[in-house]
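# Observations on the model geometry
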Amino acid sequence: MTESISEKQAEVSFNTASVKNHPTPTRNEDDTVLAELGYKAEFKREFSMIETIAFAFSIMGVVASVTSTFSFPLVSGGHVGMVWGWLIPCFFVMAVASSMAELVSSMPTSAGLYYFSAKLAPPKYSALASWITGWANITGQITLVCSIDFTCAQMITTAIAVSSDGATIMSAGATYGILLAILFAHGLVCSAATNVLARLNLFYVMVNGNELPDPIFSTVGTTIAAITALLVCSGDNKVSTKDAFTMFENNTGWSNNGWAFLLAFTAPMWTLTGYDSAAHISEEISGAQRAAPIAILVGVFGTQVLGWLLFIACSFATVSVADLLTGSLPLPMGQLFLNVLGKRGMLAIWGFIIVVQFVTGAAQGVDASRVVFAFARDNALPGSRWWKRINGRTQTPVNAVWLVMAGAAVCGLLGFSAAALSSLAGASVIGLYVSYATPIFLRITSGRDKLVPGTFSLGRWYMPIGIIAVTWVSFIVVLLVFPPSQAATAQEMNYAVVIIMGVFFFASISWVVSAHKWFHGPIKNIDDSTLSVEGKELEF
């Protein structure tokens with residue numbers, strides 16, 4: 001990459017000229033940018049570029065996420081749902097991720113999405129745009145923590161069932177108890193110091209380094225191992241290439257096959273969430289304007305490619321969709337591994353997948369806590385004075401961490417419903433993607449001339465890419481509130497709409513009654529009217 005790329009040469013570019021003399025920005029340079037955004041530095045900047053990429057990648061946890069959501073494409077299209085139900089949404093998600101990367105590069109702050117909305121909205125509606133985005137994002141963040149940890153609990157119960165040869169099938173109550181234990185463990189992990197969290201995620205994704213442990217613990221390694229095992233160990237017991245890519249089965253309960261297929265999009269949409277984490281930890285990143293957008297783009301693209309390859313392997317290895325759907329195990333992917341690898345082989349790879357999902361949940365817990373902290377820092381939450389406190393020893397928002405875990409525990413009560421995963425997945429995707437789309441919509445409307453480009457810029461392509469992103473999110477929000485079948489019972493109801501509308505009514509009533517009087521969007525927390533950094537005086 002050259003040091004300067006002209007706009008004529010490339011519309012989508014990284015402007016490295018701005019960091020020509022400082023390939024790795026210092027803490028003071030990062031803090032200068034943060035001060036220009038109105039915030040003082042409160043975190044230690046201990047996430048490097050590679051650790052930031054690892055963090056964004058870890059939240060999507062491809063092999064564990066595919067394992068968790070395998071039932072969606074199985075029901076909604078069978079082999080076609082697996083292969084094409086994953087691939088098609090990837091193109092549209094990349095449009096969302098690219099737009100977000102541009103915003104993060106321009107405004108690297110933990111406030112993230114709701115800060116972007118405030119700055120890009122018309123001044124009259126700045127606070128309202130920020131309020132809507134913030135509440136949508138918090139809703140998605142907490143339900144995503146819950147859904148990740150809930151599926152981690154399901155993985156553990158699946159392992160227990162297989163190891164006991166089906167003699168021990170855990171109840172919904174026992175699964176909820178395991179969920180609470182996982183949430184408690186994640187609360188402890190997420191309360192740790194920043195340098196501990198950074199090393200944890202680097203350990204998880206795994207890059208070359210003398211001090212690093214065996215790479216088998218990485219998400220990439222586990223994903224490749226799963227793909228290889230399914231293709232090799234299935235031997236001749238595979239479907240044909242034609243069937244793997246074109247065989248369609250509708251097991252949804254919807255009579256329209258086209259609509260049934262669209263419901264398979266739930267799997268990639270749930271997996272491809274949380275990449276805004278790079279924004280929420282940007283105040284803990286060294287060289288945030290460059291590292292954060294790279295982390296988003298690399299994390300999303302890498303997850304898309306590995307996820308598609310894994311689904312293709314699953315499609316070849318799935319001889320009977322019906323057998324997987326009617327099995328006694330909580331997760332159909334467990335039955336597929338058991339069929340292909342046998343008991344020992346299944347439990348071996350399943351153990352690594354559980355580890356991946358556990359660390360994915362920990363990473364998401366960190367992300368969610370930073371969102372809560374940032375929103376509380378601007379006094380937008382009830383009890384903000386508690387949730388915005390930084391622990392003096394760890395320099396992390398410990399109170400915000402435990403608020404997230406408590407909220408996830410409440411959402412986990414949906415585990416007693418037959419449609420628990422679809423409800424939690426739908427709520428998390430809707431909440432997060434609404435918060436993604438809001439600042440993007442403002443970017444292509446009222447904020448066309450307001451954005452100061454950072455290191456990464458889409459150039460003139462921001463408009464068509466932004467339109468695609470907003471249109472896609474509008475479509476997916478409508479899709480994910482529908483139940484899995486036309487004749488849904490109370491047990492099978494998709495309760496995502498209950499969660500989303502509950503938060504919507506609370507936030508709306510709060511705004512109308514009082515919040516519009518005292519919430520004015522992001523609050524500058526630098527006391528002095530000027531701040532000197534490396535001899536430069538910053539005006540506010």
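All values reported here derive from a predicted model rather than from experimental measurement.

## Points about the pattern of salt bridges
Per the stated rule, a full pass over the model turns up 2 salt bridges. The residue arginine 443 makes a salt bridge to glutamate 102 at a minimum N-O spacing of 3.4 Å. One end of the pair, arginine 443, is in helix H20 (residues 420–444); the other, glutamate 102, is in helix H5 (residues 79–106), with 341 residues separating them in the sequence. For arginine 443, a relative accessible area of 8% gives the class buried. Lysine 343 is the partner of aspartate 165 in a salt bridge, and the nearest nitrogen-oxygen pair spans 3.3 Å.

## Some words on the nonpolar core
Side chains of nonpolar character tend, in soluble globular proteins, to be buried together. Ranked by internal contacts, the top residues of the largest apolar core, which has 159 residues, are Phe70, Leu230, Tyr275, Leu336, Phe337, Trp350 and Tyr433. In terms of residue count, helix H17 (residues 332–377) provides more of this core than any other element does, 20 residues in total. Residues contacting phenylalanine 337, with those up to four places away along its chain left out, are Ala226, Leu230, Gly342, Met346, Ile349, Trp350 and Ile353. Counting 5 residues, the second-largest nonpolar core is a separate cluster that includes Val239, Ala244, Ile312 and Phe316.

## Here we look at the side chain of asparagine 494
Take asparagine 494: it is sitting in the loop between helix H21 (462–479) and helix H22 (496–518). A distance of 3.0 Å separates a polar atom in the side chain of asparagine 494 from the backbone nitrogen of alanine 496. Not counting residues up to four positions away in its chain, the partners in contact with asparagine 494 are Ser422, Ser423, Leu480, Val481, Phe482 and Pro483.

## Quick look at a nonpolar patch on the surface
On the surface, a nonpolar cluster with roughly 600 Å² of combined accessible area is contributed by Met501, Phe504, Phe505, Ile509, Val512 and Val513. Tracing the sequence through the fold places valine 513 in helix H22.

## What about the state of the cysteines?
Under the definition given, this model contains 0 disulfides. Between cysteine 411, a cysteine without a disulfide, and cysteine 146, which holds the nearest cysteine sulfur, the sulfur-to-sulfur distance is 5.3 Å. Exposure remark for cysteine 411: the relative accessible area of 17% places this residue in the buried category.

## Comments concerning the packing of aromatic side chains
Here the structure, examined in full by the defined rule, presents 28 aromatic pairs. In textbook terms, an aromatic cluster arises when at least three aromatic residues are bridged by ring pairs, as seen for Tyr114, Trp131, Trp135, Phe375, Phe506, Trp511, Trp518 and Phe519. Cation over ring: arginine 443 sits above tyrosine 462, and NZ or CZ is 3.8 Å from the ring centre.

## Concerning the packing of H20 against H21
A pair of packed helices is characterised by two quantities: the angle between their axes and the separation of those axes. For the pair H20 and H21, interaxial distance at closest approach is 9 Å and the crossing angle is 150°. The angle between the axes of H20 and H21 places the two elements in the roughly antiparallel class. Once H20 is placed against H21, the crossing between them reads as left-handed. Along the contact surface, H20 presents Ile430, Tyr433, Val434, Ala437, Ile440, Phe441, Arg443 and Ile444, while H21 presents Tyr462, Met463, Gly466, Ile467, Ala469, Val470, Val473 and Val477. Along the lines of polarity and charge, the residues of the contact of H20 with H21 split into 14 nonpolar, 1 polar and 1 charged.

## Concerning the confidence of the model for the protein
Looking at the protein as a whole, the pLDDT averages 83, with 87% of positions reaching at least 70. With pLDDT under 50 throughout, residues 1–24 is counted as low confidence; its partners more than four residues away or in other chains account for 34 contacts. Taken together, the stretch residues 530–540 has pLDDT below 50 and engages in 27 contacts with residues farther than four places along the chain or on a different chain.

## Concerning helix H19 (residues 398–411)
Helix length check: H19 (14 residues) gives 20 Å between terminal C-alpha atoms against 20 Å at 1.5 Å per residue, within 8%. The complete set of buried residues in H19 reads Val398, Ala400, Val401, Val404, Met405, Ala408, Ala409 and Cys411. Against helix H7 (126–163), helix H8 (172–190), H17, helix H18 (384–387) and H20 lie the buried residues of H19.

## A few points about the packing of H5 against helix H15 (residues 288–317)
Where H5 contacts H15, the axes come no closer than 9 Å and their chain directions differ by 180°. Judged on the interaxial angle alone, H15 and H5 are roughly antiparallel. Looking at the contact of H5 with H15, its residues break down into 22 nonpolar, 9 polar and no charged.

## A word on the side chain of threonine 266
With respect to the helices and strands, threonine 266 occurs in helix H13 (residues 266–271). Of the residues examined, threonine 266 reaches a relative accessible area of 7% and is grouped as buried. From its side chain, threonine 266 meets the backbone oxygen of leucine 263 in a polar contact 2.9 Å long. Each residue touching threonine 266, except ones within four places of it in the same chain, is listed here: Phe72, Ala425 and Leu480.

Conventions used here
- Residues numbered from 1 in each chain as written.
- Predicted model: local features only at pLDDT ≥ 70, side-chain atom pairs only at ≥ 80, totals over all residues.
- Heavy atoms only, no water.
- Salt bridge = Lys/Arg side-chain N within 4 Å of Asp/Glu carboxyl O.
- Helix = DSSP H or I, 4+ residues; strand = E, 2+ residues; numbered from the N terminus.
- Buried < 20%, exposed > 50% of the residue type's maximum accessible area, 1.4 Å probe, protein only.
- Core = buried A, V, L, I, M, F, W, Y, C linked by side-chain atoms within 4.5 Å.
- Contact = heavy atoms within 4.5 Å.
- Polar contact = N/O pair within 3.5 Å; in protein donor to acceptor, adjacent residues only side chain to side chain.
- Patch = residues over 30% accessible without salt bridge, like charges linked within 9 Å, V, L, I, M, F, W, Y side chains within 5 Å.
- Areas by Shrake-Rupley, 256 points an atom, 1.4 Å probe, with all protein chains shown as cover.
- Disulfide = S-S within 2.5 Å.
- Phe/Tyr/Trp six-rings, centres within 6.5 Å; stacked < 30°, edge-to-face > 60°.
- Lys NZ or Arg CZ within 6 Å of the ring centre and 35° of its normal.
- Axes fitted to C-alpha atoms, helices over the stretch in contact; angles between N-to-C directions.
- Parallel < 35°, antiparallel > 145°, perpendicular 65-115°, else oblique.
- Left-handed = near helix turned anticlockwise from the far one by under 90°.
- Nonpolar A, V, L, I, M, F, W, Y, C, P; charged D, E, K, R; others polar.
- pLDDT = per-residue confidence, 0-100.
- Expected span 1.5 Å × (residues − 1).

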